[in-house]
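Here is what each chain is made of, one letter per residue.
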Amino acid sequence: MKFISLTSMVVSVAVMAGVATAYNPIGQSCDTPGGFGCSQDASVNGGNAFIYECASTDQFVYVAGCGCPTCCEATTGGAFCT
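Being a predicted model, the structure only gives us computed values, none of them experimental. (Residues numbered from 1 in each chain as written. Predicted model: local features only at pLDDT ≥ 70, side-chain atom pairs only at ≥ 80, totals over all residues. Heavy atoms only, no water.)

## Observations concerning the pairing of strand β2 (residues 36-40)
Put simply, side chains in a regular strand alternate between the two faces of the sheet. Across the five residues that make up β2, a large majority, four, are buried. Judged from the five bridges that link them, β2 and strand β3 (residues 49-54) form a sheet pairing that is antiparallel. Each residue of the ladder has a partner; that of serine 39, found in β3, is phenylalanine 50. (Buried < 20%, exposed > 50% of the residue type's maximum accessible area, 1.4 Å probe, protein only. Helix = DSSP H or I, 4+ residues; strand = E, 2+ residues; numbered from the N terminus. Pairing = 2+ DSSP bridges.)

## Brief notes about the state of the cysteines
Scanning the entire structure with this criterion turns up four disulfides. Across the disulfide from cysteine 38 sits cysteine 72; the S-S distance is 2.0 Å. Its S-S torsion of approximately -70° makes the covalent link between cysteine 38 and cysteine 72 left-handed. Residue cysteine 38 is found in strand β2, and its partner cysteine 72 is found in strand β5 (residues 72-75); the two are separated by 34 residues along the sequence. Residue class for cysteine 38 comes out buried when judged on its relative accessible area of 6%. Between the sulfur atoms of cysteine 66 and its disulfide partner cysteine 81 the distance amounts to 2.0 Å. Because the torsion about its S-S bond is -80°, the bridge between cysteine 66 and cysteine 81 counts as left-handed. One end of the pair, cysteine 66, is in the loop between β4 (60-65) and β5; the other, cysteine 81, is in strand β6 (residues 78-81), and 15 residues separate them in sequence. You can call cysteine 66 buried: its relative accessible area is 5%. (Disulfide = S-S within 2.5 Å.)

## Comments concerning the confidence of the model for the protein
Mean pLDDT over the protein: 82, with 74% of residues reaching 70 or higher. Overall, residues 1-18 carries pLDDT values under 50, and its contacts beyond four positions in sequence, including any with other chains, amount to 21 contacts. (pLDDT = per-residue confidence, 0-100. Contact = heavy atoms within 4.5 Å.)

## Concerning the nonpolar core
Grouped together as the largest cluster of nonpolar side chains are eight residues: Cys38, Ala49, Ile51, Cys66, Cys71, Cys72, Ala74 and Ala79. Looking at this core, the elements that each hand over two or more residues are β3 and β5. Residues contacting cysteine 66, with those up to four places away along its chain left out, are Asn45, Asn48, Ala49, Phe50, Ile51, Cys71, Cys72 and Cys81. Listed in part, the six residues of the second largest apolar core include Cys30, Val44, Tyr52 and Cys54. (Core = buried A, V, L, I, M, F, W, Y, C linked by side-chain atoms within 4.5 Å.)

## Details of the sheet that holds β2
Taken together, three strands build an open sheet; the order of strands is β2-β3-β4 and the sheet is antiparallel. Strands with a single pairing partner mark the edges of an open sheet, and in this sheet they are β2 and β4. The sheet shows a mean angle of 35° between the axes of neighbouring strands, taken without regard to direction. (Axes fitted to C-alpha atoms, helices over the stretch in contact; angles between N-to-C directions.)

Structure follows, in structure tokens:
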């Protein structure tokens, strides 16, 4: 059972991996606590990219802002500003 759960989590994080896109997930529900991603939306961080996390409350939360609209990268190991 743990194998299936871990596999689901890795696949979900891999799907979240990538470059920032115009989307604001903050406050929306999620099902992969601990998963990080990048996004960019005009209404958040002055239009620059930002990092978000699926919190233990099963909602996406803002983690950190980046310095430009495309300065964020998400990988299976987490997300970071570039």
